[in-house]
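Structure at a glance
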Amino acid sequence: MKYNIKGLHHITAIAGDAKRNFKFYTEVLGLRFIKKTVNFDDPKTYHFYFGDKVGSAGTILTFFPWGEGIPQGRRGSGMATEIGYAIPKGSIDFWIERFEKYNVIYNKPAEKFGEKYLTFLDPDGLKFELVETEDIRKPWETNEVNSEHAIRGFHNITITLNDVKGTENVLTTIFGYKLVSKESNRYRYVIDTVENASIVDLVELPHEKRGHVAGGTVHHVAFRVSDDNSLMHFRNKVEGSGINITPQIDRNYFHSLYFREPGGVLFEIATDNPGFLIDEPVEELGKNLKLPKQHEPRRVELEAHLVKLD
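Model, not experiment: these values are computed from the prediction.

Reading the values: the criteria
Residues numbered from 1 in each chain as written. Predicted model: local features only at pLDDT ≥ 70, side-chain atom pairs only at ≥ 80, totals over all residues. Heavy atoms only, no water. Phe/Tyr/Trp six-rings, centres within 6.5 Å; stacked < 30°, edge-to-face > 60°. Lys NZ or Arg CZ within 6 Å of the ring centre and 35° of its normal. Pairing = 2+ DSSP bridges. Helix = DSSP H or I, 4+ residues; strand = E, 2+ residues; numbered from the N terminus. Axes fitted to C-alpha atoms, helices over the stretch in contact; angles between N-to-C directions. Contact = heavy atoms within 4.5 Å. Core = buried A, V, L, I, M, F, W, Y, C linked by side-chain atoms within 4.5 Å. Buried < 20%, exposed > 50% of the residue type's maximum accessible area, 1.4 Å probe, protein only. Salt bridge = Lys/Arg side-chain N within 4 Å of Asp/Glu carboxyl O. Polar contact = N/O pair within 3.5 Å; in protein donor to acceptor, adjacent residues only side chain to side chain. Arc of directions from axis to C-beta.

Attention shifts here to the packing of aromatic side chains. Following the criterion strictly, the structure yields 30 aromatic pairs and no others. A ring pair is formed by F99 and Y106, whose centres lie 6.2 Å apart and whose planes are at 40 degrees; its orientation type is tilted. Across the ring face of Y117, the terminal group of K112 is positioned such that the distance to the ring centre comes to 3.5 Å.

What follows concerns the sheet that holds strand β12 (residues 199-204). The strands making up a sheet associate through hydrogen bonds between their backbones, and the pairing can be parallel or antiparallel. Pairing is mixed in the open sheet, where 8 strands are placed in the order β6-β7-β8-β5-β9-β12-β11-β10. Sheet topology places β6 (110-112) and β10 (178-183) at the edges, where each strand pairs with a single neighbour. Between one strand axis and the next, the sheet turns by 30 degrees as a mean value, whatever way the strands run. Looking at chain direction, β10 and strand β11 (residues 186-190) are connected through 5 bridges and run antiparallel. By the bridge assignment, E183 is partnered in β11 with R186. Contacting β5 (79-88), β7 (115-121) and β8 (127-133), helix α2 (residues 92-101) crosses the sheet at an angle of about 15 degrees to β7. Lying over the sheet, helix α3 (residues 165-175) contacts β9 (153-161), β11 and β12, oriented at roughly 160 degrees with respect to β12.

Bringing the nonpolar core into the picture now. Core analysis: the biggest nonpolar cluster contains 73 residues, and Y25, W95, F175 and F223 have the highest contact counts within it. Apart from residues no more than four positions distant in its own chain, F223 is found in contact with I5, G7, L8, H9, L171, F175, Y177, V200, F267, E268, I269 and A270. If you look at the next biggest cluster of nonpolar residues, it comprises 8 residues, including I34, Y49, Y253 and A270.

To continue, consider the pairing of β11. β11 sits mainly inside the fold: 4 of its 5 residues count as buried. The turn linking β10 back onto β11 is made up of 2 residues, and S184 within it adopts a positive phi angle of 55 degrees. With 5 bridges joining them, β11 and β12 adopt antiparallel strand pairing. Residue pairing in the sheet places Y189 in a bridge with V200 of β12.

Taken as a whole and assessed by the stated rule, the structure comprises 24 salt bridges. Between E144 and R98 there is a salt bridge, with its nearest N and O atoms 2.8 Å apart. Linking E144 in the loop between β8 and β9 with R98 in helix α2, this pair joins segments that are 46 residues apart in sequence. Bridged by salt links that share partners, the residues E82, E115, K127, R186, R188 and D201 form one connected network.

Residue position: K35 is located in strand β2 (residues 32-39). Residue classification places K35 among the buried residues on the basis of a relative accessible area of 0%. At 2.6 Å, the side chain of K35 and the side chain of D279 are in polar contact. In terms of polar contacts, K35 uses its side chain to reach the side chain of E280, at 2.9 Å. Beyond its immediate sequence surroundings of up to four residues, K35 is in contact with H47, F48, Y49, Y253, F276, D279, E280, L285, G286 and K290.

This part covers α3. The complete set of buried residues in α3 reads T167, V170, L171, I174 and F175. Summarising the axial view, the buried residues of α3 lie within an arc of 115 degrees, below the 170-degree limit, and thus occupy one face. Along α3, exposed side chains directed more than 90 degrees from the buried face belong to K165 and T173. Phi turns positive, to about 95 degrees, at G176, one or two residues after α3.

As structure tokens, then:
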């Protein structure tokens, strides 16, 4: 049986204020809030998940909102520096108007690899690109953001490095990505096992200062596999290359492995199974605080501590 990496599974970032984070992604960007849970290792902190209707792999953006006291991170080498979202062609003007309305920081549209894109920052300084593409995935819609303009899911992730060689080796030799294009110091890698969320861009800046992972930065990038057999196949490949990798970890909604690739970015490999409907039906997604079994006995304590979102 052939085991494949199937593009991006999810991306996890660090935020400050939980309520501000929740409102920005649901109200301004129009994403669905698909899961309200806690950081399994720090259960007094939320773990938020945003995505499409059911939390399809390749649409899932997650946050640890650690509160206003967290220091501001700094984009730099050895980290994922921009998250690319796919939007329909011709919809950038809609998003510019929307960003003006909600006082979102953005740059004028630009183009790379033949694609028009709009850069913006979320309230914590996390950097995004809205990329106009032919993506046919069905988006989540709100009263203000309909399917004509709505975000489809991830288009790409950008990783900034002093030297791309080690990261490139992981992408191509272990994961199966292929270099398809290069513009200046930006290298575009694509995997052909999926149609969407299939792109990783590596930007090489030899003299760039190391980034600092804290508020407003990406914590880790997760790549998708179908099931546990595929997960363990890639564990063997990573370990066989001489890179340290964790045992399998149960994250309730997927099973995961973690390793730090040679450039310094924390990579995760995550399964499709069991999915976000394991503990609540599709109509209820994101409405209730869901706790892993190890923290369920602390529900009253945790609910009292966690900030109310409405």
